[in-house]
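Next come the chains, spelled out residue by residue.
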Amino acid sequence: MARVLNNLLLFLIRLALKIRVWGYWTLIYGYCALCTTAALLKLCWNIVLRPTTTFQWGIRETPPACLNDTSLGTHCYVRIKESGLRFHYVAAGERGKPLMLFLHGFPEFWFSWRYQLREFKSEFRVVAVDMRGYGESDLPLSTENYQLDHLVTDVKDIVEYLGYNRCCLVGHDWGGSIAWLFAIHYPEMVTKLIVLNCPHPSVFTDYALRHPSQLLKSSHFFFFQLPRFPELMLSINDFKALKALFTSRNTGIGRKGRWLTAEDLEAYLYALSQPGALTGALNYYRNVFSSLPLSHKHVRSPVLLLWGERDAFLEQEMAEACRLYIRNHFRLNIISGASHWLQQDQPDIVNTLIWTFLKEGEGRKSYRN
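Let me begin by describing the structure that accompanies this report.

About the cut-offs
- Residues numbered from 1 in each chain as written.
- Predicted model: local features only at pLDDT ≥ 70, side-chain atom pairs only at ≥ 80, totals over all residues.
- Heavy atoms only, no water.
- Helix = DSSP H or I, 4+ residues; strand = E, 2+ residues; numbered from the N terminus.
- Buried < 20%, exposed > 50% of the residue type's maximum accessible area, 1.4 Å probe, protein only.
- Contact = heavy atoms within 4.5 Å.
- Phe/Tyr/Trp six-rings, centres within 6.5 Å; stacked < 30°, edge-to-face > 60°.
- Lys NZ or Arg CZ within 6 Å of the ring centre and 35° of its normal.
- Pairing = 2+ DSSP bridges.
- Axes fitted to C-alpha atoms, helices over the stretch in contact; angles between N-to-C directions.
- Expected span 1.5 Å × (residues − 1).
- Core = buried A, V, L, I, M, F, W, Y, C linked by side-chain atoms within 4.5 Å.
- Salt bridge = Lys/Arg side-chain N within 4 Å of Asp/Glu carboxyl O.
- Patch = residues over 30% accessible without salt bridge, like charges linked within 9 Å, V, L, I, M, F, W, Y side chains within 5 Å.
- Areas by Shrake-Rupley, 256 points an atom, 1.4 Å probe, with all protein chains shown as cover.

## Points about the overall build of the chain
Right, so step 1: Within the chain one finds 14 helices and 8 strands.
Right, so step 2: Residues counted as buried form 54% of the 369 residues belonging to the chain.
Right, so step 3: Sequence separation of at least 24 residues holds for 77% of the intrachain contacts in the chain that already meet a minimum separation of 6.

So, in structure tokens, the structure goes:
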């Protein structure tokens, strides 16, 4: 009798797991279909309103002067033997000083860290990377090349190529997700972790599934699962959607801080208008659902989490919940009036908070190899 009950219990557990997995993927594909329908309606409306310009967009042939500003650092390249990929990065500060490595988000590139490159080069070897699929780094075509383990390994390979065995790691948005994962899997290589407007991946998964409001704000995750169509929607009307992302009242940079200049915006359009650039950026999203949930979750490095109060894409309640997964010192700073792009629209406040965090505990000497 006991054996029958045990078998029945195991059967029910397995059935419950299968139902949960089925429900998970039904939610994903159902919401993807809903987002696709909304995008198609938007496209049709654009064609009605702007029949001659909807499908007009152009590759920016010449980089704006701000991308060659020598005060930001030196443009360098590295080819990683393991992956065979070539990465572009901008570096400043003396070689041999502690390494501060910056990982950008979507849809950005190294340029999003311009204010931090200038600020921290006095005490650190600062390096802002174009992650795979972005900027002047290589753009693998297959979506499988953007699985999370590959992105985390890229960071490890770059740190080691630069001649370091540890670093102060700074990440924003998607770069923040990869920074969290790197600190989880390679704790000995992260002296301090600084994340901007990106929750711990497990916090995001748990919270989004329980809060429809966050699921709605994350609708782009589902829409971006489609092949090719998201690239089209981001390109129409000469990249109007990308321009709005960075400049609109709801989502843009500088609503209560520094505005994105016309030249800054052109720098983003230059990078994102290159052949394959949008596909590389979107491929980060096309693997995310198969990579979660995480098997390892805890972070053992000291963590600073900076959060823009007016983030249009992520709800603030997730920030405090990150504390559950941190086994070391944790500091959370909510920046009033800051947007999702807080290192660009509130750079002075962000830089000051980073300096304060760096001086806590072990102090700056702890960053040296």
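## Quick notes on the packing of aromatic side chains
Right, so step 1: Within this structure, the stated rule accounts for 23 aromatic pairs.
Right, so step 2: Taken together, a centroid distance of 5.7 Å and an interplanar angle of 90° make the contact between Trp110 and Phe111 edge-to-face. Phe111 shares its class with Trp110; the two are buried.
Right, so step 3: Following the ring pairs from residue to residue traces out a cluster consisting of Phe106, Tyr134, Tyr146, Trp174, Phe204, Phe221, Phe223, Phe224, Phe229, Tyr284 and Tyr285.
Right, so step 4: Stacked on the ring of Phe357, the Lys or Arg Lys192 has its end atom at 4.7 Å from the ring centre.

## Comments concerning the sheet that holds strand β3 (residues 99–103)
Right, so step 1: Strand order in the open sheet formed by 8 strands is β1-β2-β4-β3-β5-β6-β7-β8, with mixed pairing between adjacent strands. Among the strands making up the open sheet, the edge pair consists of β1 (74–79) and β8 (330–335). Shown here is a sheet whose adjacent strand axes are inclined to one another by a mean of 20°, direction ignored.
Right, so step 2: As judged from the 6 bridges shared by β1 and strand β2 (residues 86–92), these two strands associate in the antiparallel manner. Bridge pairing in β2 links Tyr77 to His88.
Right, so step 3: Against the sheet, helix α3 (residues 148–161) makes contact with β1, β2, β3, β4 (125–129) and β5 (167–172), and its axis sits at roughly 150° relative to β3, the strand it touches most.

## Details of helix α8 (residues 229–247)
Right, so step 1: The end-to-end C-alpha separation of α8 is 23 Å, well short of the 27 Å expected for 19 residues at 1.5 Å each.
Right, so step 2: Taken together, the buried positions of α8 are occupied by Phe229, Pro230, Glu231, Met233, Leu234, Ser235, Ile236, Asn237, Phe239, Leu242, Leu245 and Phe246.

## Description of the nonpolar core
Right, so step 1: Judged by nonpolar contacts, the single largest core of 119 residues is most densely connected at Leu101, Leu169, Trp180 and Leu193.
Right, so step 2: Leave out the neighbours within four places in its chain, and Leu193 touches Leu169, Ala179, Trp180, Ala183, Val299, Pro302, Val303, Leu304 and Phe357.

## Side note on the pattern of salt bridges
Right, so step 1: Summed over all chains, the structure comprises 12 salt bridges.
Right, so step 2: Of the charged contacts, one joins Arg79 and Asp138 as a salt bridge, the two residues approaching to 3.7 Å between their closest N and O atoms. With a gap of 59 residues between them, Arg79 in strand β1 and Asp138 in the loop between β4 and α3 connect regions that are remote in the sequence.
Right, so step 3: Residue classification places Arg79 among the exposed positions, given a relative accessible area of 52%.
Right, so step 4: Take Asp138: its relative accessible area is 23%, and that puts it in the partly exposed class.
Right, so step 5: In this structure, Asp154 and Arg132 form a salt bridge, with 2.6 Å as the shortest nitrogen-oxygen distance. Of this pair, Asp154 sits in helix α3 while Arg132 sits in the loop between β4 and α3, and the two are 22 residues apart along the sequence. A single burial state applies to Asp154 and to Arg132, both of which are buried.
Right, so step 6: Each of Arg60, Asp238, Lys243 and Glu266 takes part in salt bridges that share partners, so that together they form one network.

## Side note on the environment of Gln225
Right, so step 1: Counting through the fold element by element, Gln225 comes out in the loop between α7 (219–223) and α8.
Right, so step 2: Sequence spacing of Gln225 and Val288 is 63 residues, and the spatial spacing of their C-alpha atoms is 9.3 Å.

## Focus: a nonpolar patch on the surface
Right, so step 1: A cluster of nonpolar residues, Trp45, Val48 and Leu49, forms a patch on the protein surface that exposes about 350 Å² of accessible area.
Right, so step 2: Looking at the element boundaries, Val48 is found in helix α1 (residues 2–49).
Right, so step 3: By relative accessible area, which is 59% here, Val48 ends up exposed.

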